[in-house]
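For reference, the chains in residue letters:
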Amino acid sequence: RIKLDEGYQKTYKNVDELLPTLPRSKGWWLDQLLQYQGFWLSTYGIRGSMLIDDHFNPRPTDIIIATSPKCGTTWLRALVFSIINRNSFDFSDHPLRKANPRDLVHFLEAHIRGDGSTASIDGLPSPRLLSTHLPYALFPECMTDDTLACRFVYICRDLKDVLASKWHFANKLRPKGVPPLSLEEAFDLFCKGVSHYGPFWDHVLGYWKASLESPKKVLCLKYEDVKKEPLGCVRKVANFLGVPFTPEEENKEIVEEIVKLCSFENMSNQDVNKSDTRSQEKPISNSDFFRKGEVGDWVNHLSPQMSEILDQITEQKFQGTGFSFH
Ligand code: A3P
């Protein structure tokens with residue numbers, strides 16, 4: 001880390017003082033999760049959130065891609081990236097054919113990874129496309145205030161598919177020699193709300209409510225809807241971001257091009273996303289973000305009893321909110 005100014009040093013000191021005081025739980029790989037303002041985050045997520053609070057300067061043109069992990073982050077990053085940059089690239093020679101969306105969209109709470117400051121993000125040209133897993137409630141008012149234009153595009157997904165996906169992902173990340181995480185353990189943690197950026201239900205409700213209160217600021221998509229009607233969803237995102245497709249673009253079938261480019265079939269078959277490059281220094285490889293990309297795969301994993309318990313919790317959590325996954 002380069003020498004950071006006094007403001008940063010103060011934030012880091014506050015983080016260091018806070019972390020040992022927070023409730024802890026076993027994580028999904030070798031990490032621990034800490035309860036911070038009602039949500040279960042890694043130390044890295046908490047540090048990111050506190051840095052954003054103290055140092056991030058939002059711009060009205062910022063586009064924030066928000067997701068709970070395993071809800072379609074990779075897909076949404078690809079879609080929004082190709083929508084807003086559609087005039088800059090040829091679809092046959094598109095950056096998404098050579099890079100994983102993680103390398104094209106900055107991960108907001110990870111900006112601390114570089115020099116430990118917001119400098120790399122401050123230096124980006126507008127409109128900045130940023131990605132986050134943080135719950136809506138953890139963002140400072142200067143970002144969630146309805147009068148500011150900084151926009152959030154959120155995607156959620158049926159929690160049973162999220163649990164199945166996350167369980168597979170966790171086992172890929174667990175180092176060799178560490179016993180696999182059983183589905184029962186994963187289920188217990190998930191039901192207790194102990195998953196990254198969880199409780200899952202609260203994450204969804206935070207963005208869902210914000211989308212009702214501030215529809216120009218927050219757009220909520222569902223993974224299943226994007227699967228069913230990708231063209232309509234891409235148009236919706238473009239309209240929301242104030243860059244609707246022109247009749248000329250419609251004639252040229254640009255929306256179709258975007259959907260094809262970002263499809264699971266296409267992305268998972270790109271060389272850059274196929275190879276397993278996991279190592280001790282880089283425990284995640286691009287291929288870990290592509291598994292099946294299907295709706296309803298949970299039936300191959302969760303027992304009917306697990307499904308019933310999840311239904312009960314979900315009913316309780318979403319009662320009276322108007323939200324449902326279907
Ligand atoms: P499955 O494990 O159910 O297959 P995230 O990107 O938030 O980590 O989510 C990963 C999940 O999204 C995985 O789900 C992955 O296969 C799926 N996914 C990745 N790219 C996708 C795409 N282009 N279209 C649809 N689903 C995709």
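Residues numbered from 1 in each chain as written. Predicted model: local features only at pLDDT ≥ 70, side-chain atom pairs only at ≥ 80, totals over all residues. Heavy atoms only, no water.

Asks: Help me out: how do you make sense of the site of the ligand in this one?
Replies: Among the 18 residues in the neighbourhood of the ligand, the closest are listed as Lys70, Thr73, Thr74, Ser165 and Lys292. Interatomic distance of 2.9 Å between a backbone N/O atom of Cys262 and a nitrogen atom of the ligand. For the ligand, an oxygen atom lies 2.7 Å from a polar atom in the backbone of Gly293. Burial of the ligand by the surrounding chains reaches 98%, relative to a free accessible area of 570 Å². For the shell around the ligand, the secondary structure elements donating two or more residues are α3 (73-84) and α13 (264-268). No other element matches the three residues that α3 contributes to the shell around the ligand. In terms of residue class, the shell around the ligand is made up of eight nonpolar, six polar and four charged. (Near = heavy atom within 4 Å. Polar contact = N/O pair within 3.5 Å; in protein donor to acceptor, adjacent residues only side chain to side chain. Areas by Shrake-Rupley, 256 points an atom, 1.4 Å probe, with all protein chains shown as cover. Helix = DSSP H or I, 4+ residues; strand = E, 2+ residues; numbered from the N terminus. Nonpolar A, V, L, I, M, F, W, Y, C, P; charged D, E, K, R; others polar.)

Asks: What should I look at first to understand helix α7 (residues 183-191) in this one?
Replies: Along an α-helix, a turn takes 3.6 residues, which lines up residues three or four apart on a common side. The complete set of buried residues in α7 reads Leu183, Ala186, Phe187, Leu189 and Phe190. Along the axis of α7, the buried positions cluster into a sector of 165°, meaning they face one direction only. Buried residues in α7 make contact with β1 (24-26), α6 (159-173), α8 (200-213) and α15 (304-318). Of the residues trailing α7, Gly193 is marked for its positive phi of about 90°. (Buried < 20%, exposed > 50% of the residue type's maximum accessible area, 1.4 Å probe, protein only. Arc of directions from axis to C-beta. Contact = heavy atoms within 4.5 Å.)

Asks: Whenever I open this one, the side chain of Ser68 confuses me. Can you help?
Replies: You can see Ser68 is positioned in the loop between β4 (63-67) and α3. When residues no more than four places from it in sequence are discounted, the contact partners of Ser68 are Thr73, His133, Tyr154, Ile155, Phe200 and His203.

Asks: Is there a simple way to think about unusual backbone geometry in this case?
Replies: A negative phi holds for most residues other than glycine; trans holds for most peptide bonds. In this structure, Pro127 follows Ser126 across a cis peptide bond, with omega equal to -5°. The residue Pro127 is located in the loop between α4 (119-122) and β6 (129-132) in this model. A positive phi is found at Gln37, a non-glycine position, where the angle reads about 50°. Tracing the backbone through its elements, the reader meets Gln37 in the loop between β2 (32-36) and β3 (39-41). Look at Glu253: it is not a glycine, yet its phi comes out positive at around 60°. Mapping Glu253 onto the fold places it in the loop between α11 (247-251) and α12 (254-261). Here Glu253 falls in the partly exposed class, since its relative accessible area comes to 45%.

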